[in-house]
Amino acid sequence: MPEVHDSPNAWVAEHIRRFEETGGRPRPGVNDLLLTTRGRKTGKLRRTALVYERDGDHYVLAASNRGADRHPAWYLNLLADPHVTVQVGTETFDAYARPATAGERPHLWRLMVSARSEYAAYQQRITREIPVVLLEPLTK
């Protein structure tokens, strides 16, 4: 089994640790998952913790990077290799990740903002459009 490297960001690494300690429920009332992508430069497996919502069979993510004016590394990684691993609760599965199309994005963006209002505040203070990502489970 290849080694997985957790986010170098201390608060994200702590969130991953809490996720594992609580069986995938680090923040009751918040939908959290772990996303593992392949690093586009290193080829190493990289893991981060993210908020998600559901839209049918898809898991939906916002690549907000906490309001930074650059895309998060995990998003750039999945653009390079859309085959990812997802952990929700104690269940782990492979998925295909893709940015929402222009037609899908408005509905999915509203879904994410309704779950976490800070996404709207992030979008207002930056110039890039925050991508919305769909994860389609391959096995489940």
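Residue indices begin from 1 for each chain and proceed along its sequence in written order. Reporting in this predicted model follows two pLDDT cut-offs: at least 70 for local features of residues, and 80 or more for side-chain atom pairs to be given and counted; totals over whole chains, interfaces and linings ignore these cut-offs and use all residues. The side-chain values count all of the structure's non-hydrogen atoms but skip hydrogen atoms and water molecules.

1. Thoughts on the environment of Ala115
Thinking step 1. For helices the rule is a DSSP run of H or I covering at least 4 residues; for strands it is a run of E covering at least 2, with both sets numbered from the N terminus onward. Along the chain, Ala115 falls in helix α3 (residues 105–115).
Thinking step 2. A relative accessible area of 31% means that Ala115 is categorised as partly exposed.
Thinking step 3. With 19 residues separating them in the primary sequence, Ala115 and Tyr96 have C-alpha atoms 23 Å apart. Any residue under 20% of the maximum accessible area for its type is buried, any over 50% is exposed, and the rest in between are partly exposed; the area is computed with a 1.4 Å probe on protein chains only.

2. Structural notes on the environment of Leu78
Thinking step 1. Position of Leu78 relative to the elements: it lies in helix α2 (residues 73–80).
Thinking step 2. Remark: the alpha-carbon pair of Leu78 and Asn65, spanning 13 residues in sequence, is separated by 15 Å.
Thinking step 3. Any two residues whose heavy atoms approach within 4.5 Å are treated as being in contact. In contact with Leu78, other than residues within four places in its own chain, are Leu35, Thr37, Val84, Ala97 and Val133.

3. Topic: the packing of aromatic side chains
Thinking step 1. We call Phe, Tyr and Trp rings a pair once their centres come within 6.5 Å, taking the six-membered ring for Trp, and we label the pair stacked below 30 degrees between planes, edge-to-face above 60, and tilted otherwise. Applying the stated criterion across every chain, the model contains five aromatic pairs.
Thinking step 2. Aromatic pair Tyr59 and Phe93: ring centres 5.4 Å apart, planes at 35 degrees, arrangement tilted. With Tyr59 in strand β5 (residues 58–62) and Phe93 in strand β7 (residues 91–99), this pair connects stretches of sequence that are 34 residues apart.
Thinking step 3. We classify Tyr59 as buried; its relative accessible area is 2%.

4. What to know about the sheet that holds strand β3 (residues 45–51)
The strands making up a sheet associate through backbone hydrogen bonding, with each pair oriented either parallel or antiparallel.
Thinking step 1. Here the rule is simple: two strands pair whenever DSSP picks up at least two bridges between them. The strand order across the open sheet built from eight strands is β1-β3-β2-β6-β7-β8-β5-β4, with neighbouring strands paired in mixed fashion. A single partner strand is all that each edge strand has here, and the edge strands are β1 (4–6) and β4 (53–55). If you compare each strand with its neighbour and ignore which way they point, the axes differ by 40 degrees on average.
Thinking step 2. Of the strand pairs in this sheet, β4 and β5 are connected by three bridges, and their pairing is antiparallel. Looking at the pairing, Arg54 lines up with Tyr59 of β5.
Thinking step 3. Helix axes use the C-alpha atoms of the stretch in contact, all axes being lines fitted to C-alpha atoms, and the angles between their N-to-C directions lie in the range 0 to 180 degrees. Its contacts with the sheet put helix α1 (residues 10–21) on β1, β2 (32–38), β3 and β6 (83–88), and the angle it makes with β3 is roughly 80 degrees.
Thinking step 4. Most of the contacts of α2 go to β2, to which it runs at about 55 degrees, and overall it touches β2, β3, β5, β6, β7 and β8 (132–137).

5. Focus: the side chain of Gln87
Thinking step 1. Take Gln87: it is sitting in strand β6.
Thinking step 2. Residue Gln87 is classed as buried on the basis of its relative accessible area, which comes to 18%.
Thinking step 3. Among the polar contacts listed, one links the side chain of Gln87 to the backbone oxygen of Gly89, at a separation of 2.9 Å.
Thinking step 4. Among residues more than four places away in sequence, those in contact with Gln87 are Phe19, Leu33, Leu34 and Thr92. Pairs of N or O atoms are called polar contacts if they sit within 3.5 Å, as long as, within protein, a hydrogen donor faces a hydrogen acceptor (for residues adjacent in sequence, only side-chain-to-side-chain pairs).

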